[in-house]
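Geometric and topological summary
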Amino acid sequence: MSTLAVSRTVRGACPHDCPDTCALKITVEQGRVVRVQGDPEHPPTHGALCTKVSRYPERTYHEERVLTPLKRSGPKGSGQFVPVSWDEALDDIATQLKAVAARDPQAIVPYSYAGTMGLLQGEAMAGRFFHRLGASLLDRTICAAAGGDALVATYGGKVGMHLEHYADSRLILIWGSNSIASNLHFWTFAQAAKRQGAKLICIDPRRTETADKCHQHIALLPGTDGALALGLMHELITQGWLDEDYIARHVDGFAALRERALQWPPERAAQVCGIEADVVRQLARDYATTAPAAIRLNYGMQRVHGGGSATRLIALLPCLTGAWKQRGGGLLLSASGWFKAFRNPQLERPDLLGERRPRTLNMSTIGDDLLREASPAFGPRIEALIVYNSNPVAVAPESRKVVQGFAREDLFTVVLEHFLTDTADHADYVLPATTQLEHLDVHTAYGHTYALMNQPAVEPLGQARPNTAIFRALAQRMGFHEPCFRDSDEQLAEQAFVGLDMAALRAQGWVKLPIAEQPFADGGFPTANGKVRIDAPGYGVPDYVAPYESVQSAPALARRYPLAMISPPARHFLNSTFVNVKSLRSIEGEPLVELHPDDAAARGIADGAMVDVFNDRGRYRCRAALSGRARPGVVNGLGVWWRKLGAQGTNVNELTSQRLTDIGGGPTFYDCLVEVQAA
Ligand code: SF4
């Protein structure tokens, strides 16, 4: 690709872990990206970008980009490296991996998530590589596993409303989502509905920027969403607000749920949630008597012990009122299941495993797993870790153990990265990866129903290579000679989808999936019989599952650590991405914990004071922000700062636990008791 002296616009797609997956228009002048803008023609995102990705050139041309392979030259975790050639790095990595694989390939673990959501630079070639190798499989749970599995258990798939239909809603419950920060384009449609007279209600422990702009904010205690849903159901039943016909035709097993919900009068739900019973009653009335009524559920609420069950209960609400029958009615948590019919299940070539069935490790417990010895139950000790599209040292729970694991001198770690993150600092080799502006990719989405293509705008910077190219080169050195390891990125893109108009995807940058306008107006859920499942196989009838750690469910622990902590992302970061972009970091300032003024006063903590937030797992120093954004009894530790950019080299995950959700094996970041004291 020649980029010299050319001024042009290239079609792209935002690669980040965000429901919106914006279509991009990238302006290149003299071979350099000068502007990244939204594509106004793309219906769900209509040309607007968030502040973060508007700064993409700053991130791409950042002076600290890793642009050459690096080899560790100091102690593990020191971040000391020397540049080496690609040949030296790849030869040595292949030699090391071969030695481990000769003992047991399961001792090699891939670790990746949604640093890019692209199918090519995600798992296309990486999946082939690790399947052929026979490495451990990774259960990619760290964000959405509880909610995702709960949706599948209930609806049969990760499916829901069309994003654009929220503009037609008359009532929207924004549940567990700071949409202004993390689902901006949904917020645009919600605003359009508001202008037409719709009522917006935010349900969130934190008074977010989104809550500020809704008509009502219900600040329930973390991890109690399932109790609120049961209290609402109680009212739907006792007030005669059910759509009996919709339930009879499209819902399996309502009798058992009815019996359960009748045990949850508003007073009981309110007591568990830490709100007033009248709030539950009025919310039920609003929800049942306003049409169309929609719920935008997001993943914040499912990062607790009972996150899966709570998701199931909330997902049942529009099935009890028949809200699906109207345009602008229903629920959206994830739309990713709509893509299932159009994705090629062979892209990652699971057949390369042959008869082998490697163990599966849960990425949310990497801290414990890195410290485990070999055993019949666990299998071999982890000897090698290949990290790409993830920064586990910053984002995985219970950092003390994660850091201890990554610091093992006998662990061989390779990290594909753009920057020297907390994780890259622990690598034996850091391999320079391209950004979205430098490689080809194709994308699905989880907040809308459009597939996208991202064309490379410029040549790779320095010696950076796409992940696909890195795994291709490693495969060659490992002696993997199957033809699939020679597929180019163009060929991978052609293989990624089945039944989509690839010519349109190339020409336009996006194509809409052919999905009915109101897919569940007359049932037709993607379950075996087309009905919603209440008594789902393996899960039973959903119930409220209390947090592991709360004042009500763990009173002894709460005597020492009486404050519940949630750790939503700071507005200008996306998990740990963008923390090193100076213009964004300067907006955020420094790591903060938000406290209610009453909780602060009881501890003698002044606004702006440095504090220690602590529990049995660790201690995290940051600055206190006294604010009505925190409700009494709850503190908000905004994340996810890079450890090395925080005070004392820690971040909020020093405090979070590795316990897992009730469904899906997800992490429980927001199920965490702490105490705060002045530093
Ligand atoms: S992070 Fe989300 S809102 Fe921002 S550009 Fe990417 S997809 Fe769009």
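In what follows, the accompanying structure is described. (Residues numbered from 1 in each chain as written. Predicted model: local features only at pLDDT ≥ 70, side-chain atom pairs only at ≥ 80, totals over all residues. Heavy atoms only, no water.)

Remarks on the overall build of the protein chain
Scanning the protein chain for helices and strands turns up 23 helices and 27 strands. By the compact-globule yardstick of 26 Å for 679 residues, the protein chain fits well, its C-alpha radius of gyration being 24 Å. Viewed in the frame of its principal axes, the protein chain has a C-alpha envelope of about 70 × 60 × 55 Å. Every one of the 679 residues in the protein chain was classed for burial, and the buried ones make up 62%. Here the analysis covers contacts within the protein chain between residues at least 6 apart in sequence; of these, 76% occur between residues at least 24 apart. (Helix = DSSP H or I, 4+ residues; strand = E, 2+ residues; numbered from the N terminus. Rg over C-alpha atoms; globule rule 2.2 N^0.38 Å. Buried < 20%, exposed > 50% of the residue type's maximum accessible area, 1.4 Å probe, protein only. Contact = heavy atoms within 4.5 Å.)

Let's talk about the nonpolar core
Ranked by size, the top nonpolar core spans 138 residues in total, and within it Phe129, Phe130, Tyr155, Trp175, Leu228, Leu317 and Phe471 carry the most contacts. Setting aside residues no more than four positions away along its own chain, Tyr155 makes contact with Ala315, Pro318, Cys319, Trp324, Leu331, Phe525, Pro526, Thr527 and Val532. Judged by nonpolar contacts, the second largest core, of 32 residues, contains Phe81, Val402, Val415 and Tyr670. (Core = buried A, V, L, I, M, F, W, Y, C linked by side-chain atoms within 4.5 Å.)

Digging into the sheet that holds strand 1 (residues 7–13)
The three strands lie next to each other as 1-2-3, forming an open sheet whose pairing is antiparallel. If you trace the sheet from one side to the other, it starts and ends with strand 1 and strand 3 (32–38), each paired once. Each strand of the sheet is rotated relative to its neighbour by a mean of 25 degrees, with strand direction disregarded. (Pairing = 2+ DSSP bridges. Axes fitted to C-alpha atoms, helices over the stretch in contact; angles between N-to-C directions.)

Looking at the state of the cysteines
If you walk through the whole model with that rule in mind, you get zero disulfides. Here Cys143 is not cross-linked by a disulfide; its sulfur's nearest cysteine counterpart is in Cys18, at 11 Å. (Disulfide = S-S within 2.5 Å.)

Concerning the site of the ligand
Residues in close proximity to the ligand include Cys14, Cys18, Asp20, Thr21, Cys22, Leu49, Cys50, Val53, His185 and Leu574, which together make up its full environment. Partitioning the shell around the ligand into residue classes produces seven nonpolar, two polar and one charged. (Near = heavy atom within 4 Å. Nonpolar A, V, L, I, M, F, W, Y, C, P; charged D, E, K, R; others polar.)

So, unusual backbone geometry
The omega torsion of the bond from Ala291 to Pro292 falls at -5 degrees, within 30 degrees of zero and hence cis. Secondary-structure assignment places Pro292 in the loop between helix 13 (277–289) and strand 12 (293–297). That bond from Gly639 to Val640 is cis: its omega, -10 degrees, falls within 30 degrees of zero. Note on placement: Val640 falls in the loop between strand 26 (634–637) and strand 27 (673–678). Even without a glycine there, the phi angle at Thr21 is positive, about 35 degrees. For Thr21, a relative accessible area of 4% gives the class buried. Positioned with a positive phi, Arg349 is a non-glycine residue whose angle comes to about 50 degrees. Checked against the element boundaries, Arg349 lands in the loop between strand 13 (330–332) and strand 14 (360–362).

Side note on empty space enclosed by the protein
Applying the stated criterion across every chain, the model contains one cavity of 30 Å³ or more. As for the largest cavity, its lining consists of Met161, His162, His165, Trp324, Gln326, Arg327, Gly328, Gly329, Glu517, Gln518 and Pro519. Broken down by class, the residue content of the lining of the largest cavity amounts to three nonpolar, six polar and two charged. (1 Å grid on protein atoms, 1.4 Å probe; cavity = no way out; pocket = protein on both sides within 12 Å on 5 of 7 lines; lining within 4 Å. Points joined across faces, edges and corners; volume = space filled by probe spheres on them.)

A word on the side chain of Gln121
Position of Gln121 relative to the elements: it lies in helix 4 (residues 120–133). The exposure class of Gln121 is buried, given its relative accessible area of 0%. A distance of 3.1 Å separates a polar side-chain atom of Gln121 from the backbone oxygen of Leu440. Apart from residues no more than four positions distant in its own chain, Gln121 is found in contact with Thr116, Asn389, His439, Leu440, Asp441, Pro466, Asn467, Thr468 and Asp489. (Polar contact = N/O pair within 3.5 Å; in protein donor to acceptor, adjacent residues only side chain to side chain.)

So, helix 5 (residues 145–155)
Judged by how many residues are buried, helix 5 sits mostly within the fold: nine of eleven residues are covered. For helix 5, the complete set of buried residues consists of Ala145, Ala146, Gly147, Gly148, Ala150, Leu151, Ala153, Thr154 and Tyr155. Structurally, helix 5 contributes buried residues whose contacts are with helix 14 (307–321), strand 13 and strand 21 (532–533). A positive backbone phi angle near 95 degrees is found at Gly156, which sits one or two residues after helix 5.

Things to note about the pattern of salt bridges
Applying the stated criterion to the full structure yields 46 salt bridges. Note that Asp487 and Arg128 form a salt bridge whose closest N and O atoms lie 2.8 Å from each other. Highlighted residues: Asp487 in the loop between helix 18 (467–478) and helix 19 (489–496) and Arg128 in helix 4, separated in sequence by 359 residues. Residues joined in a network through salt bridges with shared partners are Arg72, Lys76, Glu409 and Asp428. (Salt bridge = Lys/Arg side-chain N within 4 Å of Asp/Glu carboxyl O.)

Focus: the pairing of strand 2 (residues 23–29)
Looking along a regular strand, one sees side chains alternate from face to face of the sheet. Counting buried residues in strand 2 gives five out of seven residues, a clear majority hidden from the surface. The sheet contact formed by strand 1 and strand 2 spans seven bridges and is antiparallel. Residue Arg11 lies in a different strand from strand 2, and its bridge partner there is Lys25. As paired strands, strand 2 and strand 3 are joined by six bridges and run antiparallel to one another. Considered in strand 3, the bridge of Thr27 is made with Arg35.

Some thoughts on the sheet that holds strand 24 (residues 610–615)
Strand order in this closed barrel of six strands is 22-26-23-25-24-27, and the pairing throughout is mixed. Averaged over all pairs of adjacent strands, the angle between their axes in this sheet comes to 45 degrees, without regard to strand direction. Of the strand pairs in this sheet, strand 24 and strand 25 (residues 618–626) are connected by six bridges, and their pairing is antiparallel. Each bridged residue has a counterpart across the sheet, and for Val613 the counterpart in strand 25 is Tyr620.

Describing the packing of helix 4 against helix 19
Between helix 4 and helix 19, whose axes approach to 11 Å, the crossing angle comes to 100 degrees. In terms of axis orientation, helix 4 runs roughly perpendicular to helix 19. Contacts from Leu120, Gln121, Ala124, Met125 and Arg128 of helix 4 reach helix 19 at Asp489, Leu492, Ala493 and Gln495. (Parallel < 35°, antiparallel > 145°, perpendicular 65-115°, else oblique.)

Some words on the packing of aromatic side chains
Considering all chains together, one arrives at 21 aromatic pairs under this definition. On the numbers, 5.5 Å between centres and 50 degrees between planes, the contact of Phe129 with Phe471 is tilted. Taken together, the residues Phe129 in helix 4 and Phe471 in helix 18 connect sequence positions 342 residues apart. Neither residue differs from the other here; Phe129 and Phe471 are each classed as buried. Taking the centre distance of 5.4 Å and the plane angle of 35 degrees together, the rings of Tyr155 and Phe525 count as tilted. Here Tyr155 is found in helix 5, whereas its partner Phe525 is found in the loop between strand 20 (510–512) and strand 21, with 370 residues between them in sequence. (Phe/Tyr/Trp six-rings, centres within 6.5 Å; stacked < 30°, edge-to-face > 60°.)

A look at the pairing of strand 23 (residues 592–595)
In this sheet, strand 25 lies alongside strand 23 in parallel orientation, the contact comprising four bridges. Considered in strand 25, the bridge of Leu592 is made with Arg623. Sheet topology places strand 23 next to strand 26; two bridges connect them, and they run antiparallel. Note that in strand 26 the partner of Val593 across the bridge is Gly637.

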